[in-house]
Amino acid sequence: MRRSRLTAALATLTLTAALATTATAAAAPTAAGDAPAAPPCAKGYICVEQSGGVVTLVPEGRPHDFDPPVRLVSVANSTSIPYCLAGSYNTGVAPGGVFEPTTAYTLRRVTPSGSGACLTGG
């Protein structure tokens, strides 16, 4: 009887320690500070994360219009071609790249860019 109580107590302590380690790891800040990382994006898509957590997946090689324009959180390019973003200002995102604006950004359109160049006018 005494041995089973000791075994049960050790099992409880081990489980408690494991749960405490898991909770601490889950609460740890990301490498980029306290900001959450961009969500993973499926290969062959442009993933546009809007405020509110809505994610739009655009297939490789296709453009996409946002009507009305959306408040952008991030764009992840999991395609093999560069893309242009038209919005508050125009910019590009390279294959495998991520664009996370540091100021408020409204996105109107994403388009593939065969040349890799995007218009820089607003």
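Above this text sits the structure in question.
Position labels on residues start from 1 in each chain and follow its written sequence. Only residues with pLDDT of at least 70 are given local features in this predicted model, and only at 80 or more are side-chain atom pairs given and counted; all residues enter the totals for whole chains, interfaces and linings. To get the side-chain values, take all heavy atoms of the structure and skip hydrogens and water.

Caption draft 1: Broad picture of the pattern of salt bridges. The working definition used for a salt bridge is a side-chain nitrogen of Lys or Arg within 4 Å of a carboxyl oxygen of Asp or Glu. By the definition in use, this model includes one salt bridge. With a shortest N-O distance of 2.5 Å, Asp65 and Arg109 are connected by a salt bridge. Residue Asp65 is found in strand 3 (residues 64-77), and its partner Arg109 is found in strand 7 (residues 106-112); the two are separated by 44 residues along the sequence. Residue Arg109 is classed as partly exposed on the basis of its relative accessible area, which comes to 30%. Only DSSP runs of H or I reaching four residues or more are called helices, and only runs of E reaching two or more are called strands; each is numbered from the N terminus. Between buried and exposed lies partly exposed: a residue is buried under 20% and exposed over 50% of the maximum accessible area for its type, with that area taken using a 1.4 Å probe on protein chains only.

Caption draft 2: Just the nonpolar core, in detail. By convention a nonpolar core is built from buried Ala, Val, Leu, Ile, Met, Phe, Trp, Tyr and Cys residues, the set being connected through side-chain atoms within 4.5 Å. The biggest cluster of nonpolar side chains holds 14 residues, and the ones touching the most others in it are Val48, Leu72, Val75, Leu85, Phe99, Leu107 and Val110. At the level of secondary structure, the elements contributing two or more residues to this core comprise strand 1 (45-50), strand 3, strand 4 (83-87) and strand 7. The greatest single-element share of this core, amounting to four residues, is contributed by strand 3. Two residues form a contact once any of their heavy atoms are found within 4.5 Å. Residues in contact with Phe99, not counting those within four places in the same chain, are Leu72, Val73, Ser74, Val75, Leu85, Tyr89, Thr91, Val93 and Tyr105.

Caption draft 3: Layout of the state of the cysteines. By disulfide we mean two sulfur atoms from cysteines, separated by a distance within 2.5 Å. Following the criterion strictly, the structure yields two disulfides and no others. Each sulfur in the disulfide pair Cys41 and Cys47 lies 2.0 Å from the other. Judged by the torsion about the S-S bond (80°), the Cys41/Cys47 disulfide is right-handed. The exposure class assigned to Cys47 is buried, which follows from its relative accessible area of 6%. Here Cys84 connects covalently by a disulfide to Cys118, the sulfurs 2.0 Å from one another. Torsion about the S-S bond of the Cys84 and Cys118 cystine: about -90°, corresponding to left-handed handedness. On the criterion of sequence distance, the pair formed by Cys84 in strand 4 and Cys118 in the segment after strand 7 is long-range, its members being 34 residues apart.

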